[in-house]
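# An overview of the molecular structure
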Protein chains: 12
Amino acid sequence: MSETPRILVIHGPNLNLLGTREPEIYGATTLEEINTEVTSAAKEQGAEVEFFQSNHEGALIDRIQEAVSWADGLLINPGGLTHTSVTLRDALLASGLPVVEVHCSNVFSREEFRQRSYISGIAVGVISGFGPTSYWLGLHALLDHLER
Amino acid sequence: MSETPRILVIHGPNLNLLGTREPEIYGATTLEEINTEVTSAAKEQGAEVEFFQSNHEGALIDRIQEAVSWADGLLINPGGLTHTSVTLRDALLASGLPVVEVHCSNVFSREEFRQRSYISGIAVGVISGFGPTSYWLGLHALLDHLER
Amino acid sequence: MSETPRILVIHGPNLNLLGTREPEIYGATTLEEINTEVTSAAKEQGAEVEFFQSNHEGALIDRIQEAVSWADGLLINPGGLTHTSVTLRDALLASGLPVVEVHCSNVFSREEFRQRSYISGIAVGVISGFGPTSYWLGLHALLDHLER
Amino acid sequence: MSETPRILVIHGPNLNLLGTREPEIYGATTLEEINTEVTSAAKEQGAEVEFFQSNHEGALIDRIQEAVSWADGLLINPGGLTHTSVTLRDALLASGLPVVEVHCSNVFSREEFRQRSYISGIAVGVISGFGPTSYWLGLHALLDHLER
Amino acid sequence: MSETPRILVIHGPNLNLLGTREPEIYGATTLEEINTEVTSAAKEQGAEVEFFQSNHEGALIDRIQEAVSWADGLLINPGGLTHTSVTLRDALLASGLPVVEVHCSNVFSREEFRQRSYISGIAVGVISGFGPTSYWLGLHALLDHLER
Amino acid sequence: MSETPRILVIHGPNLNLLGTREPEIYGATTLEEINTEVTSAAKEQGAEVEFFQSNHEGALIDRIQEAVSWADGLLINPGGLTHTSVTLRDALLASGLPVVEVHCSNVFSREEFRQRSYISGIAVGVISGFGPTSYWLGLHALLDHLER
Amino acid sequence: MSETPRILVIHGPNLNLLGTREPEIYGATTLEEINTEVTSAAKEQGAEVEFFQSNHEGALIDRIQEAVSWADGLLINPGGLTHTSVTLRDALLASGLPVVEVHCSNVFSREEFRQRSYISGIAVGVISGFGPTSYWLGLHALLDHLER
Amino acid sequence: MSETPRILVIHGPNLNLLGTREPEIYGATTLEEINTEVTSAAKEQGAEVEFFQSNHEGALIDRIQEAVSWADGLLINPGGLTHTSVTLRDALLASGLPVVEVHCSNVFSREEFRQRSYISGIAVGVISGFGPTSYWLGLHALLDHLER
Amino acid sequence: MSETPRILVIHGPNLNLLGTREPEIYGATTLEEINTEVTSAAKEQGAEVEFFQSNHEGALIDRIQEAVSWADGLLINPGGLTHTSVTLRDALLASGLPVVEVHCSNVFSREEFRQRSYISGIAVGVISGFGPTSYWLGLHALLDHLER
Amino acid sequence: MSETPRILVIHGPNLNLLGTREPEIYGATTLEEINTEVTSAAKEQGAEVEFFQSNHEGALIDRIQEAVSWADGLLINPGGLTHTSVTLRDALLASGLPVVEVHCSNVFSREEFRQRSYISGIAVGVISGFGPTSYWLGLHALLDHLER
Amino acid sequence: MSETPRILVIHGPNLNLLGTREPEIYGATTLEEINTEVTSAAKEQGAEVEFFQSNHEGALIDRIQEAVSWADGLLINPGGLTHTSVTLRDALLASGLPVVEVHCSNVFSREEFRQRSYISGIAVGVISGFGPTSYWLGLHALLDHLER
Amino acid sequence: MSETPRILVIHGPNLNLLGTREPEIYGATTLEEINTEVTSAAKEQGAEVEFFQSNHEGALIDRIQEAVSWADGLLINPGGLTHTSVTLRDALLASGLPVVEVHCSNVFSREEFRQRSYISGIAVGVISGFGPTSYWLGLHALLDHLER
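Residues numbered from 1 in each chain as written. Chains lettered and ligands numbered in written order. Predicted model: local features only at pLDDT ≥ 70, side-chain atom pairs only at ≥ 80, totals over all residues. Heavy atoms only, no water.

### Overview of helix α3 (residues 57–67) of chain F
For α3(F), the tally of buried residues reaches nine of 11 residues, placing the bulk of the element in the interior. Packed against the buried residues of α3(F) are β1 (6–11), β2 (48–53), β3 (73–77) and α4 (86–95) of chain F. (Buried < 20%, exposed > 50% of the residue type's maximum accessible area, 1.4 Å probe, protein only. Helix = DSSP H or I, 4+ residues; strand = E, 2+ residues; numbered from the N terminus. Contact = heavy atoms within 4.5 Å.)

### Notes on the sheet that holds strand β4 (residues 99–103) of chain H
One open sheet holds the 10 strands; their spatial order is β2(G)-β1(G)-β3(G)-β4(G)-β5(G)-β5(H)-β4(H)-β3(H)-β1(H)-β2(H), and the pairing between them is mixed. What marks the edges here is a single partner per strand, and that holds for β2 (48–53) of chain G together with β2 (48–53) of chain H. Pairs of neighbouring strands in the sheet enclose a mean axial angle of 20°, with direction left out of account. As paired strands, strand β5 (residues 125–128) of chain G and strand β5 (residues 125–128) of chain H are joined by three bridges and run antiparallel to one another. The partner of G:V126 across the bridge, within β5(H), is H:S128. (Pairing = 2+ DSSP bridges. Axes fitted to C-alpha atoms, helices over the stretch in contact; angles between N-to-C directions.)

### Side note on the interface of chain C and chain B
Many descriptions give the size of an interface as the accessible area lost when the pieces come together. Contact residues are listed per partner, giving 21 residues for chain C and 21 residues for chain B. Across the chain C to chain B interface the summed buried area is about 1,700 Å²; carbon plus sulfur atoms make up 64%. Where chain C touches chain B, the interface holds zero salt bridges. The interface formed by chain C and chain B includes 10 residue pairs in polar contact (both at pLDDT 80 or more). Breaking the side of chain C that touches chain B down by element, the ones donating at least two residues are β5 (125–128) and α5 (133–147) of chain C. Classifying every residue of the side of chain C that touches chain B by side-chain character gives 10 nonpolar, nine polar and two charged. (Buried area = accessible area lost by both parts, 1.4 Å probe. Salt bridge = Lys/Arg side-chain N within 4 Å of Asp/Glu carboxyl O. Polar contact = N/O pair within 3.5 Å; in protein donor to acceptor, adjacent residues only side chain to side chain. Nonpolar A, V, L, I, M, F, W, Y, C, P; charged D, E, K, R; others polar.)

### Points about the packing of aromatic side chains
In the structure shown here, the tally under the stated rule is 18 aromatic pairs over all chains. Plain terms: the ring middles of A:Y118 and L:F113 are 5.0 Å apart, the flat faces sit at 70° to each other, and that makes the pair edge-to-face. A residue pair is termed interchain when its members come from two chains, as with A:Y118 in the loop between β4 (99–103) and β5 (125–128) and L:F113 in the loop between β4 (99–103) and β5 (125–128). The exposure class of L:F113 is partly exposed, given its relative accessible area of 21%. For the pair B:F108 and C:F108, a centre-to-centre distance of 5.4 Å together with 0° between the ring planes defines the contact as stacked. On the criterion of chain membership, the pair formed by B:F108 in the loop between β4 (99–103) and β5 (125–128) and C:F108 in the loop between β4 (99–103) and β5 is interchain, its members lying in two chains. Assessed through its relative accessible area of 13%, B:F108 is described here as buried. (Phe/Tyr/Trp six-rings, centres within 6.5 Å; stacked < 30°, edge-to-face > 60°.)

### A few points about the relation of the copies chain E and chain D
If you rotate chain E by 120° and push it 0.1 Å along the axis, it lands on chain D with an RMSD of 0.1 Å. As the rotation angle and translation indicate, the two copies are arranged about a three-fold axis. Among all residues of chain E, the minimum C-alpha distance to the rotation axis is found for E:T84, at 3.9 Å. A low fraction, 12%, of the interface residues of chain E reappear at the interface in chain D, so the copies pair through non-equivalent surfaces. (Least-squares fit on C-alpha atoms with pLDDT ≥ 70 in both.)

### Some points on the interface of chain E and chain D
Each partner contributes to the interface: chain E provides 16 residues, whereas chain D provides 18 residues. In terms of surface lost to chain D, no three residues of chain E exceed E:N14, E:R21 and E:N55, which account for 33% of the buried area on that side. Scanning the region where chain E abuts chain D turns up two salt bridges. Classifying every residue of the side of chain E that touches chain D gives four nonpolar, seven polar and five charged.

### A closer look at the pairing of strand β1 (residues 6–11) of chain A
Remark: a regular strand shows side chains that alternate across the two faces of the sheet. Residue and element names in this part refer to chain A. Counted residue by residue, β1 has five buried out of six residues, so it is predominantly covered. Bridge count between β1 and strand β2 (residues 48–53): six bridges; the pairing is parallel. Along β2, the bridge assignment pairs H11 with Q53. Relative to strand β3 (residues 73–77), β1 runs parallel, the two sharing five bridges.

### Considerations on helix α2 (residues 31–44) of chain I
Residue and element names in this part refer to chain I. The end-to-end C-alpha distance of α2, which contains 14 residues, comes to 20 Å, matching closely the 20 Å that a straight helix rising 1.5 Å per residue would cover. Among all positions of α2, only L31, I34, N35, V38, A41 and A42 are buried. Within α2, the buried residues cover an arc of 130° as seen down the axis, which keeps them to one side. Of the exposed residues in α2, the ones pointing more than 90 degrees away from its buried face are E32, T36, K43 and E44. Turning to α2, the residues buried within the fold contact β1 (6–11), β2 (48–53) and α5 (133–147). Immediately downstream of α2, the backbone of G46 shows phi near 70°, a positive value. (Expected span 1.5 Å × (residues − 1). Arc of directions from axis to C-beta.)

### Let's talk about the side chain of A:H103
Residues and elements named next belong to chain A. Examined against the element boundaries, H103 turns out to sit in strand β4. When its relative accessible area of 6% is taken as the criterion, H103 is described as buried. Once you skip the residues sitting within four places of it in the chain, H103 turns out to touch N77, P78, T82, I127, S128, G129, F130 and S134.

### Thoughts on the relation of the copies chain C and chain B
Note on the copies: chain C fits chain B at an RMSD of 0.0 Å, the axial shift is 0.0 Å, and the rotation between them is 180°. Taken together, the rotation angle and the small translation identify this as a two-fold axis. For chain C, the smallest separation between a C-alpha atom and the rotation axis is recorded for C:I127, amounting to 2.2 Å. Comparing interface residues between copies, 100% of those in chain C also lie at the interface in chain B; the contact surface is shared.

### Description of the pattern of salt bridges
Summed over all chains, the structure comprises 73 salt bridges over all chains. Where E:R63 meets E:E50, a salt bridge forms, and the shortest distance between an N and an O atom there is 3.3 Å. With E:R63 in helix α3 (residues 57–67) and E:E50 in strand β2 (residues 48–53), this residue pair connects regions lying 13 residues apart in the sequence. Using a relative accessible area of 17% as the deciding quantity, one classes E:R63 as buried. The class of E:E50 is partly exposed, set by a relative accessible area of 38%. Here the salt bridges share partners, and the residues they tie into one network are B:R110, B:E111, B:R114, L:R89 and L:D90.

### Side note on the sheet that holds strand β4 (residues 99–103) of chain F
Across a sheet, paired strands are connected by hydrogen bonds in the backbone, their directions being either parallel or antiparallel. The strand order across the open sheet formed by 10 strands is β2(E)-β1(E)-β3(E)-β4(E)-β5(E)-β5(F)-β4(F)-β3(F)-β1(F)-β2(F), and the pairing between neighbours is mixed. Looking at strand neighbours, the two that pair on one side only are β2 of chain E together with β2 of chain F, the edges of this open sheet. Averaged over neighbouring strand pairs, the angle between their axes works out to 20° when direction is ignored. Looking at chain direction, strand β4 (residues 99–103) of chain E and strand β5 (residues 125–128) of chain E are connected through four bridges and run parallel. Paired with E:E101 across the bridge in β5(E) is E:V126. Helix α5 (residues 133–147) of chain E contacts β1 (6–11), β2, β3 (73–77), β4 and β5 of chain E together with β5 (125–128) of chain F of the sheet and is inclined by roughly 155° relative to β3(E).

### Section: the arrangement of the chains
Nothing in chain D touches chain L; the tightest C-alpha to C-alpha distance between them is still 12 Å. The closest approach of any C-alpha atom in chain E to one in chain L is 25 Å; the two make no contact.

### A look at the confidence of the model for chain A
Here chain A shows a mean pLDDT of 94. Residues at 70 or above account for 97%. On the interface metric, ipTM, the complex scores 0.93, and its pTM is 0.93. (pLDDT = per-residue confidence, 0-100.)

### Topic: unusual backbone geometry
With the exception of glycine, most residues fall at negative phi, and the peptide bonds are largely trans. Backbone geometry places B:N14, a non-glycine residue, at a positive phi of 75°. Mapping B:N14 onto the fold places it in the loop between β1 (6–11) and α1 (23–26).

### Some thoughts on the packing of helix α5 (residues 133–147) of chain A against helix α5 (residues 133–147) of chain D
Remark: α5(A) packs on α5(D), axes separated minimally by 10 Å, with the N-to-C direction vectors making an angle of 160°. The angle between the axes of α5(A) and α5(D) places the two elements in the roughly antiparallel class. Considering how the two elements wind past one another, α5(A) and α5(D) form a crossing that is right-handed. For the pair formed by α5(A) and α5(D), the contact residues are A:T133, A:W136, A:L137, A:H140, A:A141 and A:D144 on the first element and D:T133, D:W136, D:L137, D:H140, D:A141 and D:D144 on the second. Across the contact of α5(A) with α5(D), the residue classes tally to six nonpolar, four polar and two charged. (Parallel < 35°, antiparallel > 145°, perpendicular 65-115°, else oblique. Left-handed = near helix turned anticlockwise from the far one by under 90°.)

This is the structure in structure tokens:
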């Protein structure tokens, strides 16, 4: 690992709407605000972060493959792809990088089809339900994992 | 709602092939012909329509997000994504717009995996099995819904 | 087919209560109003309609068998029998007439046992969720089907 | 809520063995060390914590009921009860307190019967897979939740 | 059977909270009030009752085993153990005493995992949904059963 | 509610045979005897009851619809329709009246297909397994419910 | 048993259409022809038969209850009710008469929902797939059973 | 078809024990007696029969393949292979001969794993539950089928 | 039972390979060594044993049928047939002899399809997981059972 | 391992009733008699045994944890906890000691919910169905396992 | 591996009928022609092949066991045993030889019970759907695998 | 078909990583090497091939639609989309071209969710498990299919 850990933060489909739609489920913070908050939290801990959001499964996979050359870990909120995408799972697994999965809402108390995750089985760990704070917690967890 | 209701008509993957492939299942009318027919039906009822077709799930989601700023309702034939896409469901739900789901073929008399729809549960209603007429019926149903 | 298409409109159990009970689910229009509206819509399109409502599965089957001698198509809202009646399915299938299935409420967003329909698999198509308008749409769809 | 938030940290069955058994799954840190670490983290954030471990489901429930009179939130690692105990769920729900569920190992990548949690559905959120750090993250998440 | 029928009334985990927590589900009557009411109803019918509540599955089983030496019947609200405890079932079955199962809430209209009962299959009968009155009805049902 | 509560007691298919067939399951009391017993119990409590039995699902629904104009509550033993009739459920729900479901035998210890009830989910409560006494208990429960 | 065995032959819903509809599945023989054939076969073997057909489940049950006073056995083709009617099963069981179940088509090579029969489990035996001959075979089987 | 229809009667594993073991399930008639009875019934109807019994699935398949050169139909009681043997199904199907499946006991009222038959789906029809008479009925049904 | 109990020890398919293949699962002892060991253990306890191994399901059934005339009990390791053979179950059941089922490996910790046994339900008992010692334990258990 | 192998024999809930209740299922031997018998069998083989019975899941876990410091193996009859307790499984696994699971009754021929064991998957092996002899066999199997 | 790789080609039940029965599914080539073709393809690649066909599962297992002494790989079309035979799986696994599974028809587009294969999980790979060419492809794949 | 058969070879998501990631599962050959090898194999057999890889499901569908105008067949490794994409299935089906499905790893011996393929049911055939050789075999199979 490089001295300054570098993290790619990935936001899946529809997460660009965070803060503007259905705040009763996802909270009122926008994605930009989350990114700002994560950036300063990373700086405090001597880490660097990049961000990527897309509504395209293929674009997410392209980016994960690209990150292999420079990133030390992946922090991902896969959105609705969590429950349906084997290819995203394959891309994350193939990256060989440690993955932390986060969700703003608590997926375990929502529709039944949201109980199954193709990502959790290959992640270091999962954080679900704490709104934007889920990202902050996930960054800590990932950096903590990288230190060991 | 604006005085002239504006509708985005969304055609999912493979529907650009309508009329040219498997006419015994999907009928012989092309997508262009359907769009023409829907346009004049809309005009008759004092509504405006725009059309969007894509084989890319992400592009469909981008377009739905974009439509939030101007459309009053969504008329969608999600094609094969009907049965697999939680992200499409999330995008439709997040749009806050009324959604009418249409299918040319009767999905209920086809393969078992086509019996499950991620879209129906969040739609105003569903129309299935009437060939290109499904779109015409769906437009009526959506405009009728908007009027109330 | 006769020159003037003749349609039997069948209302299953409890639909005689339409407009008087649970309007938040089924709407405030009474069955009589629906029938009046369907009659004039039929007249406009040069079709004739008859109506039949019963809470008795057997009476519905008797009527379907009787209609074989004069009707060109069946428009049916099977109510709760949708989900449980193989004999109704058998009667519709044996009639050899085209069947269009309609529901006022969107059955796909209600209890799970309402997701299964014994009728959909043998219908020309299904329309679900548009209140009384579902009948109007269904009539159009059926007449359109008969024209081809 | 009192000015100084008070948290009850609950360790379920077998967690008294942490650090001494199966370190390849659960890590080498002992429960005592975890408690020490959580205590100082709490102190830093102006919170108070108490700890309770038991192998007895009933004792856990008694303690949860007792905590209603003084605690502001519950941080719980239910161990193997996660997957089987409706009564623990009922006790947590009846407490009316916010609950954060944590697991040291990533339960989602273990046996299939560990994929089901009776607790997640009623928790604020879930943190799984980060070893002893899961507790630290959970404390943060819970305090953050209490602040809002 | 002794001349004066003697009944052990068993309250499972969390039922000590009755009347103080979630009154919208379980009603506002406390367990003590229920016991008082059951005691006087028993007296009216020439029966004696004892009460036992515990959050410990093992303690409930111990008590059931002890009751074999003096009781004529068991009236039990197993709480959350209803759905998970084979050992409670075994203990009730081994007692050889007639068992009546009661629930304050109507478990049949709650979460799906509450639809399965390990106790119902070995009970004389089940009463569910009438609040504290469920106990009163259950006592009657049990005494009526003993008389025959 | 009228001052004197009025109850319609409904007996589903085959219950006219009570007391004459399979007494080892259903007891030796005839339906007439049950009705007599329920009548005097009602009188004692200042209530009025009417009775209706039919082997025809449709006739039961007709009667429930008719009762809406005068009854304060429904006491029903749906017999075999319990497990198969969505239309009966719909009729009971549409009546807007409180429903208490009773069974003479303990359906929970019989064939697996008797474990599912379409009625329980919309009933105030369920009483199962106490022979003719189930009706007596159900009447009490229903009157008790009406009083609150 | 009386000296001349008396059999009630019951035809369920839609079987009045036999021979006139879907002959490729059910054969070209009409119900009347079947009855004639069964009558003469019965005469040859010194038995008497009566026939009953109805599309009404309730009417079938009424008739079965009535037959208890004079019939020695029941030969039934339950039609579509085979797969859905617990009440028909209950009526047959309550009759205490031996039941033979017949089907003209081979239900085992048709839709999956036709694989389940509520009747088979309580019948002496089942005959399925031999067209009108199924009745003839069933009569023989039933008379043979009565002789022993 | 030859003028004199020739039938191969096949008895699956354990059927050589008929009449000597578990007569309460399978009846007291021996296999030899059944064969004698079937032979004379065949003679009466101008047909010829051969018999084959084996406990070896492979031997049954060999014999079915051999019978293709001379037999006009197959009457088979597959015994326990009914529920497990895809190869037996394949052999029967490949023979191109009409198959009638018979069972002495009523398999539909026994263990659940006996409810599935790999043979029924490809048979002309099924006869189940009439003891040795099942063979006699099956022979009639098969000859009747061959005549058409 | 004869004075000297006589036991048939049956080894199912592939067990002739014991000790030569996959010793990490099945142990290094050969089948011959097991037989020798079982023989002397039998002798010590005054019992006689015969052995039979075959890869042919039919041959196993033939042998079980033959053993009825002389054996007092059956000790069987059905190998892979455990999970698939209804006919073997039928043969064992028809023998009327007490059956003890043994497995060298612990089938409960292997593939899921090995969790189901058609034999266990009709056996006196089951012993699984102790290598060749399973046979020795099974012999003891069977002789112990015969003594009572 | 110490020279004299030391075994903890654990009896789960309700097993203290052995010999006094339901002897037709569990046999007439009391738990004390079983313990006496196991003690002398152990002595014969140069082993030491201790016994522990509890109806409390938590107490069983406490004892298993305590035994780690002195025992060489565990012989356990988990009673009804076999089918529901993940925590017991976790405790046994965490002990690092070889476990042999025994049952007096043959759980495989009882209710379906008794077919699943959380313990079998981590045990050396399983013995089920031989009454009190199951313990004796289990002791042998465990000592035999320890010797290797 | 010997210098000249030696392959045993195994044809399961009913495959001796290839080319003579159901050519629309299995093609018109006979088994003999396939064997001839495979032989010359093997010769071209410097390999030797032997062939074995049987309708007896046991005979197939015997032959697989025998082949261990001389063969370098197994090419098998298990026919209907693919879906039902655990013992065949065990024999192939025990052989320690690389296995290639082939099917002439595409089993994935046929009946649902043909979707499960006990063999695929232990094979090097699977080839399905190319008629007799499947064997040719399988031979290549197997020899290619042996070379590495 | 054109004289020189033209094949489009399609590589699904993540397959651009072949040879560089997880070689223990997918082998060490890169995608470029595979393409080179397939090209020369095609040339030998007088065929032309084009290649397309994308991580975007929509791009794959676009390309399949485009290929309809020139290609004679499709050779596809759908990667993770195999198990989740109905739209890919629809596109392949709509193309009207013969499809051969290949996988480098043996998907049948991996995670359970990889056992289901939406593609296999509409493919000519499937080849799975032979590393890069799967492509070579698939090309042969496809050309062989085109020749007939």
